[in-house]
Amino acid sequence: MKTLAWLWSCCFFCVSSLTLASLRLAGANSEGDALYTFRRSLSDPDNVLQSWDPTLVNPCTWFHITCNQDNRVTRVDLGNSNLSGHLVPELGKLEHLQYLELYKNNIQGTIPTELGNLKSLVSLDLYNNNITGNIPPSLGKLKSLVFLRLNDNKLTGPIPRELVGISSLKVMDVSNNNLCGTIPTTGPFEHIPLNNFDNNPRLEGPELLGLASYDTNCY
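Overview of the structure. (Residues numbered from 1 in each chain as written. Predicted model: local features only at pLDDT ≥ 70, side-chain atom pairs only at ≥ 80, totals over all residues. Heavy atoms only, no water.)

Describing the nonpolar core
Phase 1: Counting 47 residues, the largest nonpolar core has L35, V76, L124, L148, I159 and M172 as the members making the most contacts within it.
Phase 2: At three residues, helix α1 (residues 2-40) tops the list of elements feeding residues into this core.
Phase 3: The residues contacting M172, other than those within four sequence positions of it, are L148, I159, L163, F189, I192 and N196. (Core = buried A, V, L, I, M, F, W, Y, C linked by side-chain atoms within 4.5 Å. Buried < 20%, exposed > 50% of the residue type's maximum accessible area, 1.4 Å probe, protein only. Helix = DSSP H or I, 4+ residues; strand = E, 2+ residues; numbered from the N terminus. Contact = heavy atoms within 4.5 Å.)

Structure (structure tokens):
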């Protein structure tokens with residue numbers, strides 16, 4: 001009976017280990033699929049994404065990608081890489097991502113709402129591109145976010161008030177866009193310098209609560 005119990009215990013351990021390994025592999029594969037979808041949306045004249053081979057087990061050996069010990073993607077470092085194209089909703093599937101660094105490229109189009117699913121994100125650096133559209137209110141769900149740099153793009157619309165609830169936010173820069181409305185004054189915005197909002201012709205000064213709509217000048 002002891003031998004039988006021991007065998008059952010070993011079998012359970014093996015099955016559990018295989019299941020965990022399979023889950024990790026499936027997660028890594030889905031992240032590779034998401035990143036390769038992003039890669040296909042980009043023009044890459046300098047071949048910085050040449051190592052992004054979708055046939056590999058996971059994307060952790062790709063250049064400009066960093067993974068944790070479980071082979072889950074934690075960093076995408078593609079700043080100043082001469083890339084053009086657009087962001088894709090699939091980036092929101094990188095649930096362990098902490099750093100999305102895409103600054104100083106020629107990224108166009110809008111910021112996908114799905115980026116609000118990146119619950120581990122610490123830094124979102126999209127500055128110095130040609131991104132259009134609004135700042136998605138869904139970014140307010142990024143409760144670990146410390147750095148949000150969207151300056152020097154072509155963003156429009158108001159600053160979402162959902163961002164006020166990100167207590168971890170230390171650095172935000174939306175200067176040199178075409179935002180409208182007023183600048184929030186509560187939560188993390190109490191400590192963000194006003195020059196980080198400069199050169200938005202339709203953006204008013206700090207909001208006077210109760211006296212003006214936050215989206216004034218937007219319509």
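We are not done yet, so read on.
A few points about unusual backbone geometry
Phase 1: Positive phi, normally seen in glycine, also occurs at N128, with a value near 60°.
Phase 2: Checked against the element boundaries, N128 lands in the loop between β7 (123-125) and β8 (132-133).

Re the pairing of strand β12 (residues 178-183)
Phase 1: Where burial is concerned, most of β12 is hidden: five out of the six residues are buried.
Phase 2: Here β12 runs beside strand β13 (residues 202-206); their pairing, made up of three bridges, is parallel. Directly across from C180, in β13, lies its bridge partner R202. (Pairing = 2+ DSSP bridges.)

A short note on the pattern of salt bridges
Phase 1: Tallied over the full model, the rule gives four salt bridges.
Phase 2: Notably, a salt bridge pairs R72 with E31, separated by 3.4 Å at the nearest N-O pair. You can see R72 sitting in the loop between β2 (65-67) and β3 (73-77) and its partner E31 sitting in helix α1, a full 41 residues away along the chain. Like E31, R72 is buried. (Salt bridge = Lys/Arg side-chain N within 4 Å of Asp/Glu carboxyl O.)

Topic: the side chain of S41
Phase 1: Among the structural elements, S41 can be located in the loop between α1 and β1 (42-43).
Phase 2: A residue is classified by how much of its surface remains accessible, and S41, at 13% relative accessible area, is buried.
Phase 3: Polar contacts involving the side chain of S41 include one to the main-chain carbonyl oxygen of F38, which spans 2.7 Å.
Phase 4: From its side chain, S41 meets the backbone oxygen of H86 in a polar contact 2.8 Å long.
Phase 5: Setting aside chain neighbours within four positions, we find S41 in contact with S84, G85, H86 and V88. (Polar contact = N/O pair within 3.5 Å; in protein donor to acceptor, adjacent residues only side chain to side chain.)

Digging into the state of the cysteines
Covalent bonding between the sulfur atoms of two cysteines is what defines a disulfide.
Phase 1: Scanning all chains against the criterion turns up two disulfides.
Phase 2: Across the disulfide, C180 is cross-linked to C218 (sulfur-sulfur distance 2.0 Å). With the S-S dihedral at roughly 110°, the linkage between C180 and C218 falls on the right-handed side. Of this pair, C180 sits in strand β12 while C218 is found in the segment after β13, placing the two residues 38 residues apart along the sequence. A single burial state applies to C180 and to C218, both of which are buried.
Phase 3: Each disulfide in the chain links cysteines that, numbered along the sequence, combine into the pattern 1-2, 3-4. (Disulfide = S-S within 2.5 Å.)

Considerations on the environment of L139
Phase 1: Mapped onto the secondary structure, L139 falls in the loop between β8 and β9 (147-149).
Phase 2: For L139, a relative accessible area of 0% puts it in the buried group.
Phase 3: C-alpha separation for the pair L139 and P160, spaced 21 residues apart in sequence, amounts to 8.6 Å.
Phase 4: Among residues more than four places away in sequence, those in contact with L139 are L115, G116, L124, L148, L163 and I166.

That is the geometry; function is a separate question.
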